[in-house]
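Structural features, examined
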Amino acid sequence: PETGRLALYLLGLRATCPPPEPGPQRSLVTWLKYYLEEDWAGSRQHGHPLTSYYQYSLGVLALCVHRKRVREEVIRRLLAAEHHGRFGHAGGSAVDTEAVAALAFACLERERTVGARLAAELRAAGRRARRRMVEAQGPDGFFGNVYSTPWAMQVFIATDACRMQPAYGRAMAALLENLDAFTTAATTAQALPALHGRSYLDIASMRCREEPDTLTPLSPELPPEVPGNVTVRLVVECPEPRCPQRRLYDRPVPAPAGASLLDVLRAAAVRGLHNFTFDTQDTPQGPFLSRVLGLEARQQKRSYWQLLTGPSTSLQMGVADYRPHDGETLILRLSEW
């Protein structure tokens, strides 16, 4: 199911104040409802959506922003996951999923499409989520990491809790110092509302007739060329029992200075360094590493290629955004979430 991609598209479509021709939008909303059901029904034996709770939450949020009634069973699936702490995954932060779910809960309560008892449960779940986000704030000011921080900030904004929460101010300061991390349309779209004190919930109440047409195309700026070269140590790891030898690749890879991690992987593949191969998939957040040395990360098996800088620090950027420095060790680790 394309739950998350369609949900993001519908949120963006609503934010652009499209012409009042409901036909195409109504069809897309119907498809999103179908995907939500398929997402869940296809994985009852596993106890989680076919995609992820992140995408499932996005679907609920998008339906609510479009002011479409969401079935109580669909809502309670998310509430049960939040209550039992099922949003987390190995080696990564659950803040982004917590935040998207909390935004969906806040939207459902605000739009008054649920009964009083369910609304009370949604409020309680939102409070728990905000408390966990504060607990997840690191010394750097981020809620989880740089990309999950705008999502968390939107939750505090949507629930009018930002002024009473000192953690929000620290997160805003950290975000302002790291704006260069947001290089794709999808990540920028998450950060901009928070920087303006808004959340995705505000899309539902936009008065489109009063919105000025201020959109102008921008020419993308190419990153400046950096002279010289760097050498990066590239390591590929796979856990037992799938991979008895565990470390599948460990070689130095030369690349131009200023190259991205994706450029490093391409350099290793082009040079034929010990038959290194990889594949990526296009996503709204940029290229997603899907296969390395023939080993595929499969959503159905809840596996993904985790990106780390040695010895064990998770990267806060994707393969196309992170730019390694000379002598750095980069680890591609097949992990589960």
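Residues numbered from 1 in each chain as written. Predicted model: local features only at pLDDT ≥ 70, side-chain atom pairs only at ≥ 80, totals over all residues. Heavy atoms only, no water.

Using the following cut-off: UniProt positions are given in the numbering used here, feature names are shortened, and annotations may be inferred rather than shown by experiment.
The name an unreviewed UniProt entry gives the protein is Transcobalamin-2, with Spizaetus tyrannus as the organism. The UniProt entry for the protein carries the following comment under Subcellular location (unreviewed entry): "Secreted". UniProt, in the comment section headed Subunit (unreviewed entry), describes the protein in these words: "Interacts with CD320 (via LDL-receptor class A domains)."

Considering the sheet that holds strand 5 (residues 295-296)
The test is simple: A pair of strands is labelled paired if DSSP reports no fewer than 2 bridges between them. The helix count covers DSSP runs of H or I at least four residues long, the strand count covers runs of E at least two residues long, and both are numbered beginning at the N terminus. A contact between two residues is defined here by any heavy atoms of the two lying within 4.5 Å. Orientation is described by axes fitted as lines to C-alpha atoms, over the contacting stretch for helices, and by angles from 0 to 180 degrees between their N-to-C directions.
One open sheet holds the three strands; their spatial order is 3-4-5, and the pairing between them is antiparallel. A single partner strand is all that each edge strand has here, and the edge strands are strand 3 (278-283) and strand 5. Taken together, the two bridges between strand 4 (residues 286-292) and strand 5 define a ladder with antiparallel strand orientation. Within the sheet, the bridge partner assigned to Val-292 lies in strand 5 and is Leu-295. Along the sheet, helix 10 (residues 261-270) contacts strand 3 and strand 4; its crossing angle with strand 3, the most-contacted strand, is approximately 145 degrees.

Quick look at the sheet that holds strand 6 (residues 303-309)
Pairing is mixed in the open sheet, where five strands are placed in the order 2-1-8-6-7. Because the sheet does not close on itself, it has two edges, and the strands there are strand 2 (247-256) and strand 7 (313-314). Where strand 6 lies against strand 7, two bridges are found, and the strand directions are antiparallel. For Leu-308, the partnering residue across the bridge sits in strand 7 and is Ser-314.

Observations regarding unusual backbone geometry
The condition that has to hold: To sort residues, take the accessible area from a 1.4 Å probe on protein chains only and compare it with the maximum for the residue type: under 20% means buried, over 50% means exposed, and anything in between is partly exposed.
Residue Pro-311 is bonded to the preceding Gly-310 through a cis peptide linkage, with omega at 5 degrees. Structurally, Pro-311 is set in the loop between strand 6 and strand 7. Of note in this structure, Leu-293 is not a glycine but carries a positive phi near 50 degrees. Turning to its location among the elements, Leu-293 is positioned in the loop between strand 4 and strand 5. Under the relative-accessibility criterion, Leu-293 is labelled partly exposed at 25%.

Some thoughts on the nonpolar core
Side chains of a nonpolar character, in soluble globular proteins, are inclined to be buried together. What counts is decided by this rule: Joining through side-chain atoms within 4.5 Å is the link that ties buried Ala, Val, Leu, Ile, Met, Phe, Trp, Tyr and Cys residues into a set, and such a set is a nonpolar core.
Within the largest apolar cluster, 72 residues are counted, with the highest numbers of intra-cluster contacts made by Val-60, Leu-61, Met-133 and Phe-143. At eleven residues, helix 5 (residues 95-110) tops the list of elements feeding residues into this core. With near-sequence residues (within four places) excluded, Met-133 lies in contact with Val-95, Glu-98, Ala-99, Ala-102, Phe-143, Ala-152, Val-155 and Phe-156. Counting 31 residues, the second largest nonpolar core, distinct from the first, contains Leu-261, Val-264, Phe-278 and Leu-295.

Thoughts on the packing of aromatic side chains
As a reminder of what qualifies: Working definition: rings of Phe, Tyr and Trp (its six-membered ring) pair if their centres are within 6.5 Å, and the pair is stacked with planes under 30 degrees apart, edge-to-face with planes over 60 apart, and tilted otherwise.
Inspection of every chain in the model, using the stated rule, returns twelve aromatic pairs. Between the aromatic rings of Trp-40 and Tyr-56, the centroid separation amounts to 5.7 Å while the plane-to-plane angle is 50 degrees, which identifies the pairing as tilted. Pair noted here: Trp-40 is in helix 2 (residues 22-41) and Tyr-56 is in helix 3 (residues 53-65), with a separation of 16 residues, a long-range link. We note that Trp-40, like Tyr-56, is buried. By way of ring pairs, the aromatic residues Trp-40, Tyr-53, Tyr-56 and Phe-87 are connected into one cluster.

Some words on helix 1 (residues 3-15)
Just so we agree on the cut-off: Multiplying 1.5 Å by the helix residue count minus one yields the expected span of that helix.
The end-to-end C-alpha distance of helix 1, which contains 13 residues, comes to 18 Å, matching closely the 18 Å that a straight helix rising 1.5 Å per residue would cover. Turning to helix 1, its buried residues number three or more, namely Thr-3, Gly-4, Leu-6, Ala-7, Leu-10, Leu-11, Leu-13 and Arg-14. The first or second residue beyond helix 1 is Cys-17, which carries a positive phi of 50 degrees.

Notes on the environment of Arg-5
Defined as follows: Think of a polar contact as two N or O atoms within 3.5 Å of one another; within protein, one of them needs to be a possible hydrogen donor and the other a possible acceptor, and neighboring residues in sequence only count if both atoms come from side chains.
For Arg-5, the location among the structural elements is in helix 1. For Arg-5, a relative accessible area of 42% gives the class partly exposed. A sequence separation of 54 residues divides Arg-5 from Gly-59, and the C-alpha atoms of the two residues are 9.0 Å apart. A polar contact of 3.3 Å, which involves the side chain of Arg-5, links it to the backbone oxygen of Asp-282.

Description of the pairing of strand 1 (residues 229-237)
Bridge analysis of strand 1 against strand 2 gives nine bridges, and the strand direction is antiparallel. Its bridge partner lying in strand 2, Asn-229 is registered against Pro-256. Sheet topology note: the strand 1/strand 8 (residues 329-336) ladder contains five bridges and is parallel. Its bridge partner being in strand 8, Leu-234 is matched across the sheet by Leu-330.

Focus on the pairing of strand 6
Within strand 6, seven of the seven residues are buried, which leaves the element mostly enclosed by the surrounding structure. A two-sided burial pattern is seen for strand 6, the buried positions comprising Ser-303, Trp-305, Leu-307 and Thr-309 on one face and Tyr-304, Gln-306 and Leu-308 on the other. Pairing between strand 6 and strand 8: seven bridges, direction antiparallel. Counted as the bridge partner of Tyr-304 is Ser-335 from strand 8. Connecting strand 6 to the next strand, strand 7, in antiparallel fashion are three residues.

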